[in-house]
Amino acid sequence: MQHLPILPIVIPLLAGVLLLLPPLCHSLPRQRFIAVAVNLALIVTAVMLLQRTHLEGALTYALGDWPSPFGIVLVADRISALLTLLTSLLGLGALLYACAGDDKNGMYFHPLFMFQLMGVNGAFLTGDIFNLFVFFEVLLIASYALLIHGGGKQKTRAAVHYVIINLVGSCLFLFALGTLYGVLGTLNIADMAAKATLLGPDEQPLAKAGGLLLLAVFGLKAALLPFYFWLPRSYSSASAPVAALFAIMTKVGAYSILRIHTTIFGAGAGALAEIATPWLQPLALLTLIIGSIGALASPSLRTLTANLTLVSMGILLTAIALQRADATAAALYYTIHTTLVTGALFLLADMIGRQRGKAEDRFVASRRMQRPVALGVAFVIAAVAATGAPPLSGFVGKVLLLQATEGAVETSLIWPIVLISGLAAIIALSRAGSSLFWRHSEDAPVAEPTPALRIIAVYLLLAASPLLVVFGGPITEFTDAAATQLHDSAALSGMMQQGGS
């Protein structure tokens, strides 16, 4: 049990290496079995980690038993444990969908999938900002290969843009790390938070520049305006299980903003307190607006889902920008909702596209679907959840965010934009549903049946939305506790002392 914090990283790492070995790399059935078994093991591990962090507080794991801040330290608190569990649940849905045939389209899908999970989990669990960069690179390298899995001109073109923009982001990340290390003398997050309050007037501008440069880097990962342009094309061109898994990728950027700019540059940072807020809040609202316009203009369900991802990131980053515990709790609840629903929508768009022949998922007339009832019910659930309409989890998440606003300025600025974005999503998804399910040719041939495993994967992810409402009480209690833990500077000091012991 003492090694529990590192298991979400080690398990997919060893599984990825194992799946590359000759006895397994040429046997797809064995790869599928091992990948699903490993994902289930990750879910069990994440649940155990969630229980321990909730009962015992933050857990630290010093690799090689080197004391903090000199060694590599993993930190598992309520937020990182929650996001690790969320990654595992999303990964299971995407993996089950891929096992219905998508993993045949190219080589090494399952090892790359494992390495992707390793990178994401590592980014959530690291307590060192340099190792955050390392895990970013791990998940990005895996995502480069997954994005072009199966080949095709459209995927290759999108992958080139995706790789270039992320390489630029990685360079800026290193510049920011060098600047902050030169000023603070450490890259351990807890140690940086303690030293940031002691900086003199001559050192504060450099630390502020490094912090804002990190905001730009993480904003790029989170598709924050003006760095959002890579997302719609990349996500809409990727294969369905890859796009579904990518639903957690932007959350890594949002989590990094939350962790760094609450822990290091939070309310207790003195002259460096909340340096991101004047930039983050207006850019988040503009991202929300741009995503809503993109949703209304989307020609296909995949593109619409990609633009709805932008909308969700705008809402999420707006909550993070408020820099208060109740807003952070709302952001955590909304993160669970939007990650799983968005992943389900990407899978559903692919199933619908396969049923409609050459029309695919574009909003034009096409042949009849083989399973219109199963797909239609799934679409209605996903649409209601994604638009934030009652009674599903999207409505609860938006209500929590709106309740977290304080004062006339915040209310008058955030409420109209969030509510109008919901109206835009309703219009866009209503148009999509009427086009996909009602506009068809009577004489067109019936499509091939959809494998049951794909439908199971979609409904598995969609089940999270009503469950988030049914168990809303304990879930919101947990998110409140997680947000309070993050914003508690005394708990941070205790965590730092524990890491150094």
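Everything here concerns the structure above.
Okay, so let's go over this structure. (Residues numbered from 1 in each chain as written. Predicted model: local features only at pLDDT ≥ 70, side-chain atom pairs only at ≥ 80, totals over all residues. Heavy atoms only, no water.)

With that settled, the discussion passes to the overall build of the protein chain. When helices and strands are tallied, the protein chain shows 22 helices and two strands. Here the protein chain has a C-alpha radius of gyration of 22 Å; the compact-globule value for 501 residues is 23 Å, and the two agree. Taken over the C-alpha atoms alone, the protein chain extends approximately 75 × 60 × 40 Å along its principal axes. Expressed as a percentage of the 501 residues in the protein chain, the buried residues total 60%. Counting contacts in the protein chain only where the partners sit at least 6 residues apart, residues at least 24 apart contribute 79% of the total. Seen as two clouds, the 27 positive and the 23 negative side-chain charges of the protein chain have centres 15 Å apart. (Helix = DSSP H or I, 4+ residues; strand = E, 2+ residues; numbered from the N terminus. Rg over C-alpha atoms; globule rule 2.2 N^0.38 Å. Buried < 20%, exposed > 50% of the residue type's maximum accessible area, 1.4 Å probe, protein only. Contact = heavy atoms within 4.5 Å. Lys, Arg positive; Asp, Glu negative; His and termini not counted. Charge placed at Lys NZ, Arg CZ, Asp CG, Glu CD.)

Considering only enclosed or pocket space, the largest pocket measures out at about 610 Å³ in volume. In terms of lining residues, the largest pocket is bounded by 22 residues, among which L82, L85, L89, L468 and I475 are the most central. Of all the secondary structure elements, the ones that give two or more residues to the lining of the largest pocket are α3 (28-56), α4 (78-98), α15 (325-355), α19 (452-462), α20 (464-470) and α21 (472-487). Tallying contributions element by element places α4 first for the lining of the largest pocket, with five residues. Residues of the lining of the largest pocket, tallied by class, amount to 19 nonpolar, two polar and one charged. Each pocket or cavity is described by its volume, and for the second largest pocket that value is around 480 Å³. Lining the second largest pocket are 24 residues; nearest its centre among them are Q154, S236, R302, E360 and D361. Of all the elements, α15 adds the most residues to the lining of the second largest pocket, at four residues. Among the residues forming the lining of the second largest pocket, the class breakdown is four nonpolar, eleven polar and nine charged. (1 Å grid on protein atoms, 1.4 Å probe; cavity = no way out; pocket = protein on both sides within 12 Å on 5 of 7 lines; lining within 4 Å. Points joined across faces, edges and corners; volume = space filled by probe spheres on them. Nonpolar A, V, L, I, M, F, W, Y, C, P; charged D, E, K, R; others polar.)

Okay, the packing of helix α16 (residues 372-387) against α19 next. Their axes nearest at 11 Å, the elements α16 and α19 cross at an angle of 25°. In terms of orientation, α16 and α19 fall into the roughly parallel class. Crossing geometry of α16 relative to α19 is assigned as left-handed. Across from A374, V377, A378, I381 and A382 in α16, the residues of α19 making contact are I455, V458, Y459 and L462. Along the lines of polarity and charge, the residues of the contact of α16 with α19 split into nine nonpolar, no polar and no charged. (Axes fitted to C-alpha atoms, helices over the stretch in contact; angles between N-to-C directions. Parallel < 35°, antiparallel > 145°, perpendicular 65-115°, else oblique. Left-handed = near helix turned anticlockwise from the far one by under 90°.)

Attention now goes to the pattern of salt bridges. Following the criterion strictly, the structure yields twelve salt bridges and no others. For R32, the salt bridge goes to D103, with nearest N and O atoms at 2.8 Å. Of the two residues, R32 sits in helix α3 while D103 sits in the loop between α4 and α5 (109-125), which places them 71 residues apart along the sequence. Summarising the burial analysis for this pair, R32 and D103 share the class buried. R324 serves as the salt-bridge partner of D326, at 3.9 Å between the closest nitrogen and oxygen. Owing to a relative accessible area of 34%, D326 belongs among the partly exposed residues under this scheme. We classify R324 as buried; its relative accessible area is 18%. Each of the salt bridges in this network shares a partner with another, and the network as a whole consists of D102, R302, D350, R354 and R454. (Salt bridge = Lys/Arg side-chain N within 4 Å of Asp/Glu carboxyl O.)

Attention now goes to a nonpolar patch on the surface. A cluster of nonpolar side chains, F130, V134, L174 and F175, forms an exposed patch at the surface whose accessible area comes to about 360 Å². Mapped onto the nonpolar patch, the elements with two or more residues apiece are α6 (129-147) and α7 (153-184). As for its placement among the helices and strands, F130 is situated in helix α6. Under the relative-accessibility criterion, F130 is labelled partly exposed at 38%. (Patch = residues over 30% accessible without salt bridge, like charges linked within 9 Å, V, L, I, M, F, W, Y side chains within 5 Å. Areas by Shrake-Rupley, 256 points an atom, 1.4 Å probe, with all protein chains shown as cover.)

The next thing to look at is the side chain of Q31. Tracing the backbone shows Q31 in helix α3. You can call Q31 buried: its relative accessible area is 4%. Other than its neighbours up to four places away in sequence, Q31 contacts L19, L24, C25, H110 and P111.

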